[in-house]
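# Summary of structural features
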Amino acid sequence: AQSVAQPEDQVNVAEGNPLTVKCTYSVSGNPYLFWYVQYPNRGLQFLLKYITGDNLVKGSYGFEAEFNKSQTSFHLKKPSALVSDSALYFCAVRDGRTGRRALTFGSGTRLQVQP
Amino acid sequence: GAVVSQHPSWVICKSGTSVKIECRSLDFQATTMFWYRQFPKQSLMLMATSNEGSKATYEQGVEKDKFLINHASLTLSTLTVTSAHPEDSSFYICSAQWGEKLFFGSGTQLSVL
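Residues numbered from 1 in each chain as written. Chains lettered and ligands numbered in written order. Predicted model: local features only at pLDDT ≥ 70, side-chain atom pairs only at ≥ 80, totals over all residues. Heavy atoms only, no water.

## Some remarks on the sheet that holds strand S8 (residues 76-81) of chain B
Residue and element names in this part refer to chain B. Here we have four strands laid out as an open sheet, ordered S1-S3-S8-S7, and antiparallel in their pairing. A strand with exactly one partner marks an edge of an open sheet, and here the two such strands are strand S1 (4-7) and strand S7 (67-73). Taking each pair of neighbouring strands and ignoring which way they run, the sheet shows an average axis angle of 15 degrees. As paired elements, S7 and S8 share five bridges and run antiparallel to each other. Along S8, the bridge assignment pairs Phe67 with Val81. (Pairing = 2+ DSSP bridges. Helix = DSSP H or I, 4+ residues; strand = E, 2+ residues; numbered from the N terminus. Axes fitted to C-alpha atoms, helices over the stretch in contact; angles between N-to-C directions.)

Right, dumping it as C-alpha cells:
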C-alpha cells in the first residue's frame, strides 16, 4: 500500500518570501513522486516529478522539490513566492517497481500568497 | 500541452436519477484513463482504471454496478453514477495517460438532492 501525507491544509506566505509545502510519503517499492497544482475551475497541472537521479528536482514556474529518502519527504519549494502562485497543491506517489500508473494523492495544501 | 476536457463541470440531480460524466482527450489518444473522487478536504481517491476496449478495473470498495465506466474509444471515457444518492455528492476528476504523462480534467462537482 502507498500513501501521501500533506500535513498542512493551508500555507500563507507573503509575496517575495520563500515558500515550502510539505509532503511525506509511504511506498513499499521505488517512489515516483509528483507535484500538481490546481487553479480554480482548472484541471490538475503537472509541476514536477522525481523518478531517479538528483534529489533536487526543478519544475515549472520556478518551483523545485527535494527528495529526502531518509525522511521519506518530497517538499515543494520556491525561493520567492508570487501572488499568482496561490492555488491548491497536491503531492502524489506511485510505486515505480510495479507497472501500475495510477497515482495516490495527498489531501492537498492551499497556498495563499499575500501581496 | 495536452488537453483533457471533462464535462459537465457541475451537475445537480435528484436522488434516484443517473448522471453521466464525460472525459475526453482532445489532442491525443489515451489507452488508459483514471477516475478519481474527492471529498472536501480529503485526498483524491482512485475509483477505477479505465482501459480502452476492455472492462474497467475498480478499486476495493467501489461498486462497479453503481459507478459504470465505459471507455469505448481512445479519446473518450464516461463515468455514470447510477441511482445517485446524496452520499454520492462529491468532486469527480478524470485523468488520461499519454506515454508516461498524466493529464487531468477540470473535474465535475456532483450534488445529489
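From this point, the discussion proceeds with the structure in view.
## Side note on the pairing of strand S9 (residues 73-78) of chain A
All names here are of chain A. Summarising burial for S9: five of the six residues are buried, a large majority. Across three bridges, the pairing between strand S3 (residues 19-21) and S9 is antiparallel. Residue pairing in the sheet places Thr20 in a bridge with Lys77 of S9. In this structure, the hairpin formed by strand S8 (residues 64-68) and S9 is closed by a connection of four residues, where Thr72 is found at a positive phi of approximately 45 degrees. (Buried < 20%, exposed > 50% of the residue type's maximum accessible area, 1.4 Å probe, protein only.)

## Description of the state of the cysteines
Residues and elements named next belong to chain A. Tallying each qualifying case throughout the model produces two disulfides over all chains. Across the disulfide, Cys23 is cross-linked to Cys91 (sulfur-sulfur distance 2.0 Å). Measuring the twist about the S-S bond at about -60 degrees, one finds the Cys23-Cys91 disulfide to be left-handed. In this pair, Cys23 sits in the loop between S3 and strand S4 (24-26) while Cys91 sits in strand S10 (residues 87-95), placing the two residues 68 residues apart along the sequence. Both residues of the pair, Cys23 and Cys91, count as buried. (Disulfide = S-S within 2.5 Å.)

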